[in-house]
Amino acid sequence: MMVGALQRMLDVMEPKCDWSWIRGITSDLKAIAKERRDKRPHMVSPEQLYDLGIRLMIQARASDNRTYPFPALQWRDGIMIAMLICCPVRIANLVSIEIGTHLFFDHDRYRLRFPEKETKTKEAYESELPAELTPWIDDYLKIHRTELLAKAKRPSFTSRLWIDRWGKPMGEASVRAQIEKRTLDAFGRRIWPHLFRTIAATGVVDHAPDQIEIAPDLLGHAALATTSKYYILSRGMQSHRAVQEALLLGRKEALRRTNNSSL
C-alpha cells in the first residue's frame, strides 16, 4: 500500500516522467502480499448490515429522545450503512459523495456515479440503490441533513452528503469511527468500511453463484481475479440490481421466518 501510494504521488508530482518501473514493483508486491488480519471473525451477512441501517433509522423515528443531535446522527449513520452495503464503494468515495455530483435521483431511486479520475482503478463507477431506500434518503436530505447543517457556526453551502454534529462535512476518520461504533454496538465486533466490500462480494457469491461475473462491477474492479483474490471469502465460489435483489430477498425471508416463529 505504501509503495502504491508513493507511485500515485510521483504520478501527480511529475506526470511526464515514466514511472512504469514502480508500477511493476507495486504489481509484484500485490501478487505476493498476504492479508494482515483475519477478516472471518468480523464477518456478518449483507442482510444483517442492511437491517442494521434500517433499524437505526426506525429507532431514531420512534425514540422519545428528540433532543439534538440524537435522531439526526442515528438516521445519518443508518442510511450510510444501508447505502454502503448496497453499493460498497471505497471509503474515499463514500466520504466524498456530493449531492448532484455523485448522488442523483432517477425515477424512483437514487444512483451513485463516480468518474474515472475519482476511483482507485481509474474506471468509472455507476450503481443504483434499491427503491426501498428512497424514502429513507429523502428524509435524511430534507430533515436530518438540514438540521445538521443548521448547527454550523457559519452558514454552510456544502453539497457533501455526510454532515457531522457541528454542521461540517465528515472526514474519513469520523465516517470510519461511526460505522465501527454502530457495528460494534450491534454485533459485538467492529466492521470497518472496507470490509463491507468483502461481505457484499461474498454474499453475492453465496446467493447467486451463477452470477459471479458481476462481482467486479459491484466493487469497481477491472477483473474478476482481483475480486476473487482480495474479497471473496465464500467456501464455494458461489450488477448491483441482482446483488440488491438477493439481499432484499434474503432479508424478507428472514423476517417471514421470525414472524412465523412468533405465532
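See the structure shown above.
Since the model is a prediction, treat every value here as computed from it, not as a measurement.

S.K.: Summarise helix α7 (residues 172-187); cite the residues concerned and give the values.
M.R.: Because an α-helix completes one turn every 3.6 residues, residues spaced three or four positions apart along the sequence face the same direction. End to end, α7 covers 22 Å across 16 residues, agreeing with the expected 22 Å (1.5 Å per residue, within 8%). For α7, the set of buried residues is Val175, Ile179, Glu180, Arg182, Thr183 and Phe187. Projection of α7 onto a plane perpendicular to its axis shows the buried side chains occupying an angular sector of 165 degrees, all on one side. When the buried face of α7 is taken as reference, the exposed residues oriented beyond 90 degrees from it are Ala173 and Asp185. Phi turns positive one or two residues past the end of α7, at Gly188, with a value near 80 degrees.

S.K.: Give a description of the pattern of salt bridges that names residues and reports values.
M.R.: The tally for this structure, following the rule as stated, stands at 12 salt bridges. The shortest N-O distance in the salt bridge between Asp77 and Arg182 comes to 2.8 Å. Placement of Asp77 in helix α4 (residues 70-86) and of Arg182 in helix α7 is noted, with a sequence separation of 105 residues between them. In terms of burial, Asp77 and Arg182 fall into one category: buried. Across the pair Glu172 and Arg176 runs a salt bridge whose closest N-O atoms are separated by 3.1 Å. On the criterion of helical spacing, the pair formed by Glu172 and Arg176 is a turn pair, its members being four residues apart in helix α7. Accessibility expressed as a relative area gives 29% for Arg176, which makes it partly exposed. Linked by salt bridges that have partners in common, Asp106, Asp108, Arg109, Arg111 and Glu128 make up one network.

S.K.: Residues and numbers for the packing of aromatic side chains, please.
M.R.: Considering all chains together, one arrives at five aromatic pairs under this definition. Ring geometry for Trp19 and Trp21: centres 6.3 Å apart, planes at 50 degrees, overall tilted. Classification of Trp19 by relative accessible area gives buried; the value is 14%. A centroid spacing of 5.8 Å and a plane angle of 40 degrees characterise the contact between Tyr140 and Trp162, whose relative ring orientation is tilted. Of the two residues, Tyr140 is situated in helix α6 (residues 134-149) and Trp162 in the loop between α6 and α7; the sequence distance between them amounts to 22 residues. Between the NZ or CZ atom of Arg165 and the centre of the ring of Trp166, over which it lies, the distance is 5.9 Å.

S.K.: Any details on the environment of Glu128? Residues and values, ideally.
M.R.: Mapped onto the elements, Glu128 comes out in strand β3 (residues 125-128). A sequence separation of 41 residues divides Glu128 from Cys87, and the C-alpha atoms of the two residues are 7.6 Å apart. Among the polar contacts made by the side chain of Glu128, one reaches the side chain of Arg111 at a distance of 3.2 Å.

S.K.: Which residues make up the packing of α4 against α7, and what values go with them?
M.R.: The contact between α4 and α7 brings their axes to 10 Å, and the two run at 90 degrees. Taken as axis vectors, α4 and α7 run roughly perpendicular relative to one another. Taking contact as the criterion, the partners of Leu73, Gln74, Arg76, Asp77, Met80, Ile81 and Leu84 in α4 are, on α7, Val175, Gln178, Ile179 and Arg182. In terms of residue class, the contact of α4 with α7 is built from six nonpolar, two polar and three charged.

S.K.: Give me the lowdown on the side chain of Asp138, citing residues and values where you can.
M.R.: As for its position among the elements, Asp138 is in helix α6. For the buried residue Asp138, which engages in no salt bridge, the nearest side chain bearing the opposite charge is Lys142, 4.7 Å off. A polar side-chain atom of Asp138 sits 2.4 Å from a polar atom in the side chain of Tyr110.

S.K.: Help me get a handle on the sheet that holds strand β1 (residues 103-106), residues and values and all.
M.R.: Pairing within the open sheet is antiparallel, and its three strands lie in the order β1-β2-β3. Edge positions in the open sheet fall to β1 and β3, since each of these has one partner strand only. Averaged over all neighbouring strand pairs, the angle between strand axes comes to 25 degrees, with direction disregarded. Where β1 lies against strand β2 (residues 109-114), four bridges are found, and the strand directions are antiparallel. Within β2, the position partnered with Asp106 by the bridge is Arg109. Each of β1 and β2 is contacted by α6, which is oriented at about 75 degrees to β2, the strand it contacts most.

S.K.: So, the pairing of β2: which residues are in play, and what are the values?
M.R.: As a general feature of sheets, a regular strand has side chains that alternate between the two faces. The antiparallel pairing of β1 with β2 creates a hairpin that spans two residues between the two strands, and His107 there sits at a positive phi of about 65 degrees. Of the pairings in the sheet, the one linking β2 to β3 comprises four bridges and is antiparallel in character. Within the sheet, the bridge partner assigned to Leu112 lies in β3 and is Ser127.

Here is what the cut-offs are and how they apply
Residues numbered from 1 in each chain as written. Predicted model: local features only at pLDDT ≥ 70, side-chain atom pairs only at ≥ 80, totals over all residues. Heavy atoms only, no water. Helix = DSSP H or I, 4+ residues; strand = E, 2+ residues; numbered from the N terminus. Expected span 1.5 Å × (residues − 1). Buried < 20%, exposed > 50% of the residue type's maximum accessible area, 1.4 Å probe, protein only. Arc of directions from axis to C-beta. Salt bridge = Lys/Arg side-chain N within 4 Å of Asp/Glu carboxyl O. Phe/Tyr/Trp six-rings, centres within 6.5 Å; stacked < 30°, edge-to-face > 60°. Lys NZ or Arg CZ within 6 Å of the ring centre and 35° of its normal. Polar contact = N/O pair within 3.5 Å; in protein donor to acceptor, adjacent residues only side chain to side chain. Axes fitted to C-alpha atoms, helices over the stretch in contact; angles between N-to-C directions. Parallel < 35°, antiparallel > 145°, perpendicular 65-115°, else oblique. Contact = heavy atoms within 4.5 Å. Nonpolar A, V, L, I, M, F, W, Y, C, P; charged D, E, K, R; others polar. Lys, Arg positive; Asp, Glu negative; His and termini not counted. Pairing = 2+ DSSP bridges.

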